Amino acid sequence: MTATITLVRGDITRQSADAIVNAANSSLLGGGGVDGAIHRRGGPAILEDCRRLRASHHGKGLPTGRAVATTAGDLDARWVIHTVGPVHGAPGGDPELLASCYRESLRVADELGARTVAFPAISTGVYRWPMDDAARIAVETVRSTPTAVEEVRFVLLDDRAYEAFARQLG
Ligand code: AR6
């Protein structure tokens, strides 16, 4: 089975879903963009979990392309899945690592038993991945990844992102 893909324009922190994916960084200690918004609206419980994860499993940080889950705190979700996208144009800025973010997040979602998962456009902000290419990788990867997740919802903050994803869905 593969997930049904839906598109929403808006703020991912306002979504209701089993799991909300965060475009984090390796430190797992927060940042700007969607990461900042998730921690702000989700409250301190998310950061507490992140610190615990760092201490127990990821003392050196979460590698690019991997994913881990925490509580969703005050968000309307059961879990936040944190993944680290590649920086476009930097060493290690490999498209395969961006695909890996989506695959690994779905693998974690399956482990949790999540049926609806909301994703932002990973790496397209601070990490500068070109939107059209990021949308292509996101959609192709979700379409080709077997999962028990029923709905993958891409939550796009602006028209440019929404239209890039809509073009990929055809
Ligand atoms: N809802 C949905 N999409 C959003 C939201 C939101 N509330 N806020 C931003 N976006 P970015 P990255 C979009 O920079 O490129 C952080 O500091 C945004 O318009 O959040 O993976 C982390 O800590 C863009 O299209 O993530 C890392 O250090 C997309 O989400 C670094 O940024 C991703 O932008 C990660 O950079």
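Further up the page is the structure itself.
Predicted model, so just to flag it, every value in this text is computed and none were measured.

1. Let's talk about the overall build of the protein chain
Summing up its helical and strand segments, the protein chain has five helices and six strands in all. Listing the helices and strands of the protein chain from first to last along the sequence gives β-β-α-α-β-β-α-β-α-β-α. A compact globule built from 170 residues would reach a C-alpha radius of gyration of about 15 Å, and the protein chain, at 14 Å, matches this within 12%. The principal-axis extent of the C-alpha atoms belonging to the protein chain is close to 40 × 35 × 30 Å. Burial statistics for the protein chain: of 170 residues in total, 49% are counted as buried. Expressed as a percentage of contacts within the protein chain between residues at least 6 apart in sequence, the contacts between residues at least 24 apart total 71%. With an accessible surface of roughly 7700 Å², the protein chain has 49% of that area assigned to carbon and sulfur atoms.

2. Remarks on helix H3 (residues 95–112)
Look at H3: 26 Å from first C-alpha to last across 18 residues, which is about the 26 Å you get at 1.5 Å a residue. Turning to H3, its buried residues number three or more, namely Leu-98, Ala-99, Ser-100, Cys-101, Tyr-102, Glu-104, Ser-105, Leu-106, Val-108 and Ala-109. Summarising the contacts, the buried residues of H3 are in contact with strand S2 (19–24), strand S3 (67–71), strand S4 (79–84), strand S5 (116–119), helix H4 (131–144) and strand S6 (151–156). The positive-phi residue at the C-terminal boundary of H3 is Gly-113, with phi of around 85°.

3. Here we look at the pairing of S6
Most of S6 sits out of view: six of its six residues are buried. A two-sided burial pattern is seen for S6, the buried positions comprising Glu-151, Arg-153 and Val-155 on one face and Val-152, Phe-154 and Leu-156 on the other. Looking at chain direction, strand S1 (residues 4–9) and S6 are connected through six bridges and run parallel. When the sheet's bridge partners are listed, Val-8 is paired in S6 with Val-155.

Cut-off values and rules
Residues numbered from 1 in each chain as written. Predicted model: local features only at pLDDT ≥ 70, side-chain atom pairs only at ≥ 80, totals over all residues. Heavy atoms only, no water. Helix = DSSP H or I, 4+ residues; strand = E, 2+ residues; numbered from the N terminus. Rg over C-alpha atoms; globule rule 2.2 N^0.38 Å. Buried < 20%, exposed > 50% of the residue type's maximum accessible area, 1.4 Å probe, protein only. Contact = heavy atoms within 4.5 Å. Areas by Shrake-Rupley, 256 points an atom, 1.4 Å probe, with all protein chains shown as cover. Expected span 1.5 Å × (residues − 1). Pairing = 2+ DSSP bridges.

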